[in-house]
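Here are the chains, one letter per residue:
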Amino acid sequence: GTLIPKKGIYQLIAAWNKVSREMPEARLSVYGKGDVEKIAALMDLTARESVQFCGHVDRETLMEELATANLAVFPSYAECFSLAPMEAMAVGTTVIYSLRTSGPELITHDETGYLCDPDDVDGLANQILELLRDEVRCARLATAAQRHVRERFAVDHLADAHIQWYTEVLQSVERVVPPVNAEVPCLALQI
């Protein structure tokens, strides 16, 4: 990904200042390309020591890192679909995702992850701290999220849902559009 404002990176870093003060042993790994110096300028000294900017990595490395993380945080302002959070959930990582985008379509708050308002930096920091301090809740959310993604977004489930949808569409069109009859004149336009 990219470290740009619409991804909520500045809000995450502002929240991390509080997290690192209250939990100095916590570490944040940031993946993606972007203006690291501008982002780092928002960090206080404690936070700077606990953040690692990893840059852009290949998909396999990212999946391995996600699978070993306690938490993945995506405070985005704009996303077409929640692919990155869904991938984190699929590998068994607890996710905090944004209320502003497709988050509510993917996550049920406190059942399959947490949803945050990216403008509420204190709230985001508190959610991160809460989950890092409560391993049992974190594990429960990760397990439920992984099951949810596998059940709802498995290829066979999606294929069946698409087939059903197209079947319904075709059946509704057949009821509206009369069948083609060679004896009925037809008009063709060419532009």
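Everything quoted here is computed from the prediction, not taken from an experiment. (Residues numbered from 1 in each chain as written. Predicted model: local features only at pLDDT ≥ 70, side-chain atom pairs only at ≥ 80, totals over all residues. Heavy atoms only, no water.)

J.: Would you explain the environment of Ala78 in this entry?
T.: Mapped onto the secondary structure, Ala78 falls in the loop between strand S5 (71-74) and helix H5 (83-90). Along the backbone, Ala78 and Ser98 are 20 residues apart, and their C-alpha atoms lie at a distance of 9.0 Å. The residues contacting Ala78, other than those within four sequence positions of it, are Lys6 and Thr101. (Helix = DSSP H or I, 4+ residues; strand = E, 2+ residues; numbered from the N terminus. Contact = heavy atoms within 4.5 Å.)

J.: Please clarify how the side chain of Ser82 should be interpreted in this entry.
T.: Turning to its location among the elements, Ser82 is positioned in the loop between S5 and H5. With relative accessibility at 1%, the residue Ser82 sits in the buried group. Leaving out residues up to four positions away in the same chain, Ser82 has contacts with Tyr97, Ser102 and Leu106. (Buried < 20%, exposed > 50% of the residue type's maximum accessible area, 1.4 Å probe, protein only.)

J.: Can you walk me through the packing of aromatic side chains in this structure?
T.: Think of a pair of aromatic rings as described by two things: how far the centres are apart, and how the planes are tilted against each other in angle. A full pass over the atoms with the stated rule returns 2 aromatic pairs. With 6.4 Å between their ring centres and 85° between their planes, Phe74 and Tyr97 make a pair best called edge-to-face. Remark: Tyr97 occurs in strand S6 (residues 94-98) and Phe74 occurs in strand S5; sequence separation between them is 23 residues. Each member of the pair Phe74 and Tyr97 is classed as buried. Here Phe81 and Phe153 contribute two aromatic rings whose centre-to-centre distance is 6.0 Å and whose plane-to-plane angle is 65°, an arrangement assigned as edge-to-face. Note that Phe81 is positioned in the loop between S5 and H5 and Phe153 in helix H8 (residues 135-153), a separation of 72 residues in sequence. Looking at Phe81, the relative accessible area reads 36%, which means it is partly exposed. (Phe/Tyr/Trp six-rings, centres within 6.5 Å; stacked < 30°, edge-to-face > 60°.)

J.: Just checking my understanding: could you explain the sheet that holds S5 for this structure?
T.: Strand pairing in a sheet relies on backbone hydrogen bonds, with the paired strands running either antiparallel or parallel. Spatial strand order, S5-S6-S7: 3 strands in an open sheet with parallel pairing. The outermost strands of the open sheet, each flanked by one partner alone, are S5 and strand S7 (114-116). The mean angle between the axes of side-by-side strands here comes to 20°, regardless of whether they run parallel or antiparallel. Judged from the 4 bridges that link them, S5 and S6 form a sheet pairing that is parallel. From the neighbouring strand, Ala72 faces S6, where its bridge partner is Val95. (Pairing = 2+ DSSP bridges. Axes fitted to C-alpha atoms, helices over the stretch in contact; angles between N-to-C directions.)

J.: I tried to follow unusual backbone geometry on my own but got confused; where do I start?
T.: Phi is mostly negative for residues that are not glycine, and the peptide bonds are mostly trans. Phi is positive for Asp110, which is not a glycine, with a value near 65°. Structurally, Asp110 can be placed in the loop between helix H6 (103-106) and S7. A residue is classified by how much of its surface remains accessible, and Asp110, at 27% relative accessible area, is partly exposed.

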